[in-house]
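Report on the structure
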Protein chains: 2
Amino acid sequence: MNQHRHTQQPLPEPTLRRLPWYLAYIERISAQGVKHVSTTTMSQALNVVPAQIAKDLSMLNLRGRTRIGYSVEAIKHAMTDVLGFHRHHRALIFGAGSLGKALMQDDGLERYGLHIVAAFDSDTKLAGTSFAGTPIFHIDQLPELQRELAADIGILTVPVQHSKQTAELAISHGIRAIWNFTPVKLKCPSHVVVADTSIYADLALIYNGITENAI
Amino acid sequence: MNQHRHTQQPLPEPTLRRLPWYLAYIERISAQGVKHVSTTTMSQALNVVPAQIAKDLSMLNLRGRTRIGYSVEAIKHAMTDVLGFHRHHRALIFGAGSLGKALMQDDGLERYGLHIVAAFDSDTKLAGTSFAGTPIFHIDQLPELQRELAADIGILTVPVQHSKQTAELAISHGIRAIWNFTPVKLKCPSHVVVADTSIYADLALIYNGITENAI
């Protein structure tokens, strides 16, 4: 299942979080016809020290050659592979409210391998409708439908007070990763991956930063 | 300008990132009529150790009383104030594509004090239209319109190759905080706040986590 991975060790989170920066840069210079790149050049563009870049790349089994640098094509291939953006991942949205609909509307996610196959909501008025091509079902239909949908990823966009129970329900029906957009810290079994996208924490950082600078 | 802040010191980012968890919990128990809460009780609900909670709360000048705990009302007030969610913040969207429109569509942001007053795009066909109530203008109109709009926050949802120049343009016209949704690491002047919401990094973490667990 995992034979395309270049490394057996799990990548540390800080490295994983830098890879999309590298990939965005590599795709840009690749489109410009650049064939090789040094960590020094990458460092200037990305504001990450060369030693860190070299270390991150070595974790993908990438090695630079003296005076030539790294192959742009090799970096691109390894990163796309490790990041998993070229594979197809099936996801369900839990909570077809404003944020849930915003994500259904964002077809950029599809380009990054995230295929939203259905949305679930507790509002009976939404059941049977669809939004931006995604069918919306009543949450009670999850057990029956998930047998066929067989989605791995649950995107949690329910109101705060329903976060915990909805996550538990999703996990009990085969969801193995929760993408949590609610401002709640979830406790999940260890086999479940949780990624928090804390939009509100980001907003708080912005508001605080602006205020600090204004003093 | 900053007289409502309970502390003179800037809050460390890890503390700021935990505050929305606390606030979500506090709002829930407050709605249930709970008047006082201990760090032990909070700890069980939030999976953060009591000492850490006490330390975070002390940074907001909140003190618990022996055998009574913290006032739920006082925590709620201090957090809402520090997080800045009750104030009104004016923001512009740069890039009225799929993700930009998704954010215009999400009226949850408004509830957290983020008022998106306009969107800008380089596509002349979009100029003069609007989406979900937000007017869209051509990017060339920014200098003229920003004089009146006077927005502080720029939400960056342009394609990768335009991130850098768009951020620079926004900053040169008075934007003091960039909410960066592009997978690019921005170099900005020190007076500018940058918050990265790395949707693609979160996806990579999820994909990797699922693969690791499947081995």
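What to know about the overall build of chain A
Within chain A, the secondary structure is distributed over nine helices and nine strands. Restricting to contacts in chain A with at least 6 residues of sequence separation, those with at least 24 account for 57%. Of the roughly 10,000 Å² that chain A leaves accessible, carbon and sulfur atoms contribute 51%.

A word on the nonpolar core
Leu114(A), Ile155(A), Trp179(A), Leu114(B), Ile155(B) and Trp179(B) are the most contacted members of the largest nonpolar core, which has 106 residues in total. Excluding anything up to four places from it in sequence, Ile155(B) contacts Ala91(B), Leu92(B), Ile93(B), Phe94(B), Leu103(B), Leu114(B), Ile116(B), Trp179(B) and Phe181(B). Core analysis: the next-biggest nonpolar cluster, separate from the first, contains 22 residues, Leu92(B), Val160(B), Ile178(B) and Val192(B) among them.

Focus on the interface of chain B and chain A
Each partner contributes residues to the interface: chain B has 71 residues there, and chain A has 71 residues. When the two sides are added together, the surface that chain B and chain A hide from each other amounts to roughly 6,500 Å², 64% of it contributed by carbon and sulfur. Along the contact surface separating chain B from chain A lie two salt bridges. Between Arg17(B) and Asp202(A) there is a salt bridge, with its nearest N and O atoms 2.9 Å apart. The interface formed by chain B and chain A contains 20 residue pairs in polar contact (both at pLDDT 80 or more). Of all the secondary structure elements, the ones that give two or more residues to the side of chain B that touches chain A are α1 (13-31), α2 (39-46), α4 (72-83), α5 (98-105), α6 (108-111), β8 (177-180), β9 (193-196) and α9 (199-214) of chain B. For the side of chain B that touches chain A, the element with the most residues is α9(B), which contributes 16 residues. Residues of the side of chain B that touches chain A, tallied by class, amount to 38 nonpolar, 18 polar and 15 charged.

Considering the pairing of β8(B)
If a strand is regular, its side chains alternate between the two faces of the sheet. Residues and elements named next belong to chain B. Judged by which residues are buried, β8 turns out to be covered on both faces: Ala177 and Trp179 on one side and Ile178 and Asn180 on the other are all buried. In the sheet, strand β7 (residues 153-156) pairs with β8 via four bridges, with the strands oriented parallel. Bridge assignment links glycine 154 to a residue of β8, and that residue is isoleucine 178. You can see the chain leave β7, run along helix α8 (residues 163-172) and come back into β8, and the turn it takes is right-handed.

Points about the relation of the copies chain B and chain A
For the match of chain B to chain A, the screw axis carries a shift of 0.0 Å, the RMSD comes to 0.0 Å, and the turn is 180°. The symmetry that links the two subunits is that of a two-fold axis. Judged by C-alpha distance, Ala102(B) is the residue of chain B that lies nearest the rotation axis, at 2.1 Å. In this assembly, 100% of the residues forming the interface of chain B have copies in chain A that are likewise at the interface, indicating an isologous arrangement.

Comments concerning the packing of aromatic side chains
Residues and elements named next belong to chain A. This structure, assessed with the given rule, holds twelve aromatic pairs over all chains. Taking 6.0 Å as the distance between ring centres and 20° as the angle between the ring planes, the aromatic pair formed by phenylalanine 94 and phenylalanine 120 counts as stacked. With a gap of 26 residues between them, phenylalanine 94 in strand β3 (residues 89-94) and phenylalanine 120 in strand β4 (residues 114-121) connect regions that are remote in the sequence. Aromatic side chains tryptophan 179 and phenylalanine 181 sit 4.9 Å apart centroid to centroid with 45° between the ring planes, which places their arrangement in the tilted category.

Some words on α1(B)
Spanning 19 residues, α1(B) covers 28 Å between terminal C-alpha atoms, matching the ideal 27 Å at 1.5 Å per step. Residue Gly33(B) follows α1(B) closely and has a positive phi angle near 90°.

Some details on the sheet that holds strand β5 (residues 130-131) of chain B
All names here are of chain B. The strand order β5-β6-β4-β3-β7-β8-β9 describes an open sheet built from seven strands, whose pairing is mixed. Edge positions in the sheet fall to β5 and β9, since each has one partner strand and no second. As paired strands, β8 and β9 are joined by four bridges and run parallel to one another. Bridge assignment links alanine 177 to a residue of β9, and that residue is valine 193.

With respect to the packing of α1(B) against α2(B)
Residues and elements named next belong to chain B. Contact geometry of α1 with α2 gives a least axis separation of 11 Å together with a crossing angle of 105°. If you check the angle between α1 and α2, you find them roughly perpendicular. Within the contact between the two elements, α1 uses Trp21, Tyr22, Tyr25 and Ile26 and α2 uses Thr41, Met42, Ala45 and Leu46.

Quick word on the environment of Ile171(A)
Residue and element names in this part refer to chain A. Structurally, the position occupied by isoleucine 171 is in helix α8 (residues 163-172). We classify isoleucine 171 as buried; its relative accessible area is 15%. Residues isoleucine 171 and isoleucine 153, 18 residues apart in the sequence, show an inter-C-alpha distance of 9.5 Å. Setting aside residues no more than four positions away along its own chain, isoleucine 171 makes contact with Ile178, Cys188, Pro189, His191 and Val192.

Points about the side chain of Thr157(B)
Residue and element names in this part refer to chain B. The topology assignment puts threonine 157 in the loop between β7 and α8. A relative accessible area of 10% means that threonine 157 is categorised as buried. Reaching out from threonine 157, the side chain makes a polar contact with the backbone oxygen of glycine 95 at a distance of 2.7 Å. Leaving out residues up to four positions away in the same chain, threonine 157 has contacts with Ile93, Phe94, Gly95, Leu99, Gly100, Leu103 and Phe181.

Remarks on the domain arrangement of chain A
You can read the domains of chain A as domain 1 (13-83) and domain 2 (89-201). Each of domain 1 of chain A and domain 2 of chain A has a C-alpha centre, and the two are 33 Å apart.

Quick notes on the layout of surface pockets
Its boundaries defined by the atoms lining it, the largest pocket holds a volume of some 1,000 Å³. Going through the elements one at a time, α1 (13-31), β9 (193-196) and α9 (199-214) of chain A together with α1, β9 and α9 of chain B are the ones with two or more residues in the lining of the largest pocket. The residue makeup of the lining of the largest pocket, split by class, is 20 nonpolar, eight polar and twelve charged.

Procedures and definitions
Residues numbered from 1 in each chain as written. Chains lettered and ligands numbered in written order. Predicted model: local features only at pLDDT ≥ 70, side-chain atom pairs only at ≥ 80, totals over all residues. Heavy atoms only, no water. Helix = DSSP H or I, 4+ residues; strand = E, 2+ residues; numbered from the N terminus. Contact = heavy atoms within 4.5 Å. Areas by Shrake-Rupley, 256 points an atom, 1.4 Å probe, with all protein chains shown as cover. Core = buried A, V, L, I, M, F, W, Y, C linked by side-chain atoms within 4.5 Å. Buried < 20%, exposed > 50% of the residue type's maximum accessible area, 1.4 Å probe, protein only. Buried area = accessible area lost by both parts, 1.4 Å probe. Salt bridge = Lys/Arg side-chain N within 4 Å of Asp/Glu carboxyl O. Polar contact = N/O pair within 3.5 Å; in protein donor to acceptor, adjacent residues only side chain to side chain. Nonpolar A, V, L, I, M, F, W, Y, C, P; charged D, E, K, R; others polar. Pairing = 2+ DSSP bridges. Right-handed = clockwise from strand over helix to strand, strands pointing away. Least-squares fit on C-alpha atoms with pLDDT ≥ 70 in both. Phe/Tyr/Trp six-rings, centres within 6.5 Å; stacked < 30°, edge-to-face > 60°. Expected span 1.5 Å × (residues − 1). Axes fitted to C-alpha atoms, helices over the stretch in contact; angles between N-to-C directions. Parallel < 35°, antiparallel > 145°, perpendicular 65-115°, else oblique. Domains from an automatic or database assignment. 1 Å grid on protein atoms, 1.4 Å probe; cavity = no way out; pocket = protein on both sides within 12 Å on 5 of 7 lines; lining within 4 Å. Points joined across faces, edges and corners; volume = space filled by probe spheres on them.

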